[in-house]
Amino acid sequence: MSLIHQMLYESKDFGRVDFGEFLGSLATELMSSYGALPARVSLLIDSATIALPIDAAIPCGLVVNELVSNALKHAFPGERRGQIKIDLTQGCADEVTLSVSDDGVGIPEALDIANATTLGLQMITLLADQLAADLTMQRANPTCLALRFKVAQ
Ligand SMILES: Nc1ncnc2c1ncn2[C@@H]1O[C@H](COP(=O)(O)OP(=O)(O)O)[C@@H](O)[C@H]1O
Ligand SMILES: [Mg+2]
């Protein structure tokens, strides 16, 4: 929440924020809040320097927060080791792809993201709608949720 506040503050001059920088701060914050994990789970960020308009940056920030939290909570039970990766790329012109992937246990077959009954995944679909994003999910090898959307230049 303090990071969202910081993002709003930073955007007040140009209406945009450096989303790569935000991802770095978010990653540090999440890893430290999951205390014991960093030794066996690494978090990698592969991000181009992308300035997002604030009205896209906020829903994107919430999406990444939920997806990385999910990976930390659900993907590596017991002593399982692995990696979580956040990718942010700008394709042709105004198209942005944001994905969070992990090499953990995978998302159960029974779970239908379009008709999710749990709050986290419901929020992901709502935020994807808000961004008019294309949302895709791969359950395993690696588990990956990706959003592709357009931003104003
Ligand atoms: N990265 C992941 N790896 C494995 N399972 C996952 C992952 N993300 C989500 N899940 C599964 O999807 C379920 C629903 O996620 P979510 O709606 O965020 O609810 P919550 O995180 O509160 O359990 C989780 O309980 C978990 O079983
Ligand atoms: Mg969740």
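As the structure is a computational prediction, the values presented were derived from the model and not from experiment.

1. Focus: the coordination of the magnesium ion (ligand 2)
All of the protein donors around the magnesium ion (ligand 2) are Glu-66 (OE) and Asn-70 (OD1); their distances to the metal are 2.1 Å. Residue Glu-66 and its partner Asn-70 are located together in helix α3 (residues 54-75), separated by 4 residues, close to a single helical turn. Taking relative accessible area as the criterion, Asn-70 reaches 17% and is therefore assigned buried.

2. Some words on the nonpolar core
The biggest cluster of nonpolar side chains holds 45 residues, and the ones touching the most others in it are Phe-19 and Phe-149. Going through the elements one at a time, α1 (2-10), α2 (19-33), β2 (41-47), α3, β4 (82-90), β5 (95-102), α4 (119-130) and β7 (143-150) are the ones with two or more residues in this core. The leading source of residues in this core is α3, at 10 residues. Residues within four places of Phe-149 in sequence aside, it is in contact with Ala-56, Cys-60, Asp-94, Glu-95, Val-96, Leu-98, Leu-131, Ala-132 and Ala-133.

3. A closer look at the site of ligand 1
The environment of ligand 1 is formed by 14 residues, the closest being Glu-66, His-74, Asp-102, Thr-118 and Leu-121. Here Asp-102 contributes a side-chain N or O atom positioned 2.9 Å from a nitrogen atom of ligand 1. Between ligand 1 and the protein, one listed contact pairs an oxygen atom with a backbone N or O atom of Gly-120 at 3.4 Å. Of all the secondary structure elements, the ones that give two or more residues to the shell around ligand 1 are α3 and α4. Among the elements that take part in the shell around ligand 1, α3 stands out by supplying 6 residues, more than any other. Class assignment of the residues belonging to the shell around ligand 1 gives a composition of 5 nonpolar, 6 polar and 3 charged.

Parameters at a glance
Residues numbered from 1 in each chain as written. Chains lettered and ligands numbered in written order. Predicted model: local features only at pLDDT ≥ 70, side-chain atom pairs only at ≥ 80, totals over all residues. Heavy atoms only, no water. Donors = N, O, S within 2.8 Å, 3.2 Å for Na, K, Ca; no water. Helix = DSSP H or I, 4+ residues; strand = E, 2+ residues; numbered from the N terminus. Buried < 20%, exposed > 50% of the residue type's maximum accessible area, 1.4 Å probe, protein only. Core = buried A, V, L, I, M, F, W, Y, C linked by side-chain atoms within 4.5 Å. Contact = heavy atoms within 4.5 Å. Near = heavy atom within 4 Å. Polar contact = N/O pair within 3.5 Å; in protein donor to acceptor, adjacent residues only side chain to side chain. Nonpolar A, V, L, I, M, F, W, Y, C, P; charged D, E, K, R; others polar.

Purely geometric stuff here, so don't read any function into it on its own.
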